[in-house]
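Here's the letter readout for the chains.
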Amino acid sequence: MNTISYLEAGKRAVREEMQRDASVWALGEDLGRGGVFGQYKGLIDEFGPARIADTPISEACIMGAAVGAAMTGTRPIVEMRFSDFALCAIDELINQAAKARFMFGGQMRVPMVVREPMGMWRSSAAQHSQSLESWYTHIPGLVVVAPATPADNLGLLKSAIRNDDPVVYLEHKHLWPLEGVVPDGEHLVPLGEAEIVREGRDLTLVTWSATRHTCVAAAQALEKQGIDAEIIDLRTLWPWDRDRVFASVEKTGRLIVAHEAVAVSGFGAEIAATVAQELHHRLKAPVQRLGAPRIPIAYAPPLEDEARVTCEKIIDAATALCLPVAAS
């Protein structure tokens, strides 16, 4: 076991996977000098400019080149510098990488990792501080990951690089210097598996990324007041670990979802709504949600209709919700 920083853990993951698999390479702006935060420092000396590739200042160019390279047999690691800048490459990621497997009937995969440093950091202002994870969880075909500790940044990044679908990998900029214990040797953290950070009986706190650490501090303060909080770090937002969250809420009967991103349409709303809908026996009245399923919209009209929110579906849901009132 070693104590290293969150930043160094990510760099170790890249180095180990590039050593293990010659098809893994990285591209982005200023990688030759180590990247904007130093997360690639020294790697060009080890692997050369063909595998630690500097690119033009064009996020669309970077992403487009990576998508093509992934489709033709390599595993690119795409460095976007800031999650905000990745919006310049959204077409290549959303309309190409995320949809290729579906549109080619499973014959095409796009094994790429898009690293997007996210979150509030050192007064970086409006264009460099956003947490946009809910944008990506909304898109069928993308895996979305948000590690909170050095050990998870090592294990999740390695798993993401080995994944055969495109992964949006969100590293919080404020966590770069955070130090923690990381296992020696091979360390993989499965995608889609949450971690119970702290067990408790009175309240479930679901969180991810930097807010995990805020929740730990809050739980310690709550304990002095006699409130025992259980903390779950999702780690992967899509797919998210429904089973672990549900089991915790079944036990505690209370749920708070905490995250840094904007609350309106944030991914916390998805968790809250799903729990309210599925664990209705814990609530005084069931909460229902209506929307398209998380599938690509198909060409065939009958399949397209399956994704629609129809008048009949709304009527059925409203009737079911009001049955107890009508009975009384």
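Predicted, not measured: the structure shown is a model, and the values here were computed from it. (Residues numbered from 1 in each chain as written. Predicted model: local features only at pLDDT ≥ 70, side-chain atom pairs only at ≥ 80, totals over all residues. Heavy atoms only, no water.)

(A) Region of the structure containing the sheet that holds strand β6 (residues 143-145). Pairing in this open sheet of seven strands is mixed, and the strands run β3-β2-β4-β5-β7-β6-β12 from one edge to the other. The open sheet has two edge strands, β3 (52-54) and β12 (236-238), and neither has a second partner. Direction aside, neighbouring strands of the sheet carry axes that sit 20° apart on average. The sheet contact formed by strand β4 (residues 75-79) and strand β5 (residues 113-115) spans three bridges and is parallel. Bridge pairing links Val78 to Val114 in β5. (Pairing = 2+ DSSP bridges. Helix = DSSP H or I, 4+ residues; strand = E, 2+ residues; numbered from the N terminus. Axes fitted to C-alpha atoms, helices over the stretch in contact; angles between N-to-C directions.)

(B) Just the pairing of strand β10 (residues 203-207), in detail. Taken across its five residues, β10 has five buried, putting it largely inside the fold. Alternating residues of β10 divide into Leu203, Leu205 and Thr207 and Thr204 and Val206, and every residue in both groups is buried. Bridging between β10 and strand β11 (residues 229-233) involves five bridges; their strand directions are parallel. Note that in β11 the partner of Thr204 across the bridge is Glu230. For the handedness criterion, the β-α-β arrangement of β10, helix α8 (residues 211-224) and β11 is classed as right-handed. Judged from the three bridges that link them, β10 and strand β13 (residues 255-257) form a sheet pairing that is parallel. (Buried < 20%, exposed > 50% of the residue type's maximum accessible area, 1.4 Å probe, protein only. Right-handed = clockwise from strand over helix to strand, strands pointing away.)

(C) Spotlight on helix α3 (residues 59-71). Given a rise of 1.5 Å per residue, 13 residues ought to cover 18 Å, and the 18 Å separating the end C-alpha atoms of α3 matches this to within 8%. Regarding α3, the residues found buried are Glu59, Ile62, Met63, Ala66, Val67, Ala69 and Ala70. Looking straight down α3, one finds its buried side chains confined to an arc of 165°; they lie on one side. In this fold, the buried residues of α3 make contact with β2 (24-28), β4, α4 (90-97) and β5. Note on α3: the residue one or two positions beyond its end, Gly73, has a positive phi of about 115°. (Expected span 1.5 Å × (residues − 1). Arc of directions from axis to C-beta. Contact = heavy atoms within 4.5 Å.)

(D) Fine view of the packing of aromatic side chains. Per the stated rule, a full pass over the model turns up seven aromatic pairs. The interplanar angle of 65° and the centroid separation of 5.8 Å between the aromatic rings of Tyr6 and Trp176 together place this pair among those described as edge-to-face. One end of the pair, Tyr6, is in helix α1 (residues 6-20); the other, Trp176, is in the loop between β7 (167-169) and β8 (179-182), and 170 residues separate them in sequence. This pair shows no difference in class: Tyr6 is buried, exactly as Trp176 is. The interplanar angle of 75° and the centroid separation of 6.4 Å between the aromatic rings of Trp240 and Phe246 together place this pair among those described as edge-to-face. Side by side, Trp240 and Phe246 carry an identical accessibility label, which is buried. Ring-pair connections join several aromatic residues into one group, and the members of that group are Tyr6, Phe37, Phe82, Phe85 and Trp176. (Phe/Tyr/Trp six-rings, centres within 6.5 Å; stacked < 30°, edge-to-face > 60°.)

(E) Highlighting the environment of Val168. Within the secondary structure, Val168 is located in strand β7. Under the relative-accessibility criterion, Val168 is labelled buried at 0%. C-alpha separation for the pair Val168 and Val145, spaced 23 residues apart in sequence, amounts to 6.3 Å. The contact partners of Val168, leaving out residues within four places of it in the chain, are Leu93, Val114, Glu116, Tyr136, Leu142, Val143, Val144 and Val145.

(F) Quick peek at the sheet that holds strand β9 (residues 195-198). Taken in spatial order, the four strands make up an open sheet running β9-β11-β10-β13, and their pairing is mixed. Since the sheet does not close on itself, it has two edges, and those belong to β9 and β13, each with one partner. Sheet twist, expressed as the mean angle between neighbouring strand axes with direction ignored, is 25°. Strand direction decides the pairing type here: β9 and β11, joined by three bridges, are antiparallel. The residue of β11 that forms the bridge with Arg198 is Ile231. Contacts from α8 reach β9, β10 and β11 within the one sheet, and its direction differs from that of β11 by about 170°. Against the sheet, helix α10 (residues 267-278) touches β10 and β13, its axis set at about 160° to β13.

(G) Representation of the nonpolar core in the model. Counting residues in each nonpolar core, the largest one holds 44 residues, and the members touching the most others are Met63, Val78, Leu93, Met112, Leu234, Val245 and Ile271. The element best represented in this core is α3, accounting for six residues. Once you skip the residues sitting within four places of it in the chain, Leu234 turns out to touch Glu193, Ala194, Val206, Thr207, Trp208, Trp240, Asp241, Val245, Phe267 and Ile271. Grouped together as the second largest cluster of nonpolar side chains are 26 residues, Met18, Leu31, Leu154 and Val189 included. (Core = buried A, V, L, I, M, F, W, Y, C linked by side-chain atoms within 4.5 Å.)

(H) The side chain of Asp165, seen in detail. Structurally, the position occupied by Asp165 is in the loop between α7 (150-162) and β7. With a relative accessible area of 14%, Asp165 lands in the buried category. A polar contact is formed between the side chain of Asp165 and the side chain of Arg109, at a distance of 3.3 Å. Residues within four places of Asp165 in sequence aside, it is in contact with Arg101, Arg109, Val110, Pro111, Met112 and Gly141. (Polar contact = N/O pair within 3.5 Å; in protein donor to acceptor, adjacent residues only side chain to side chain.)

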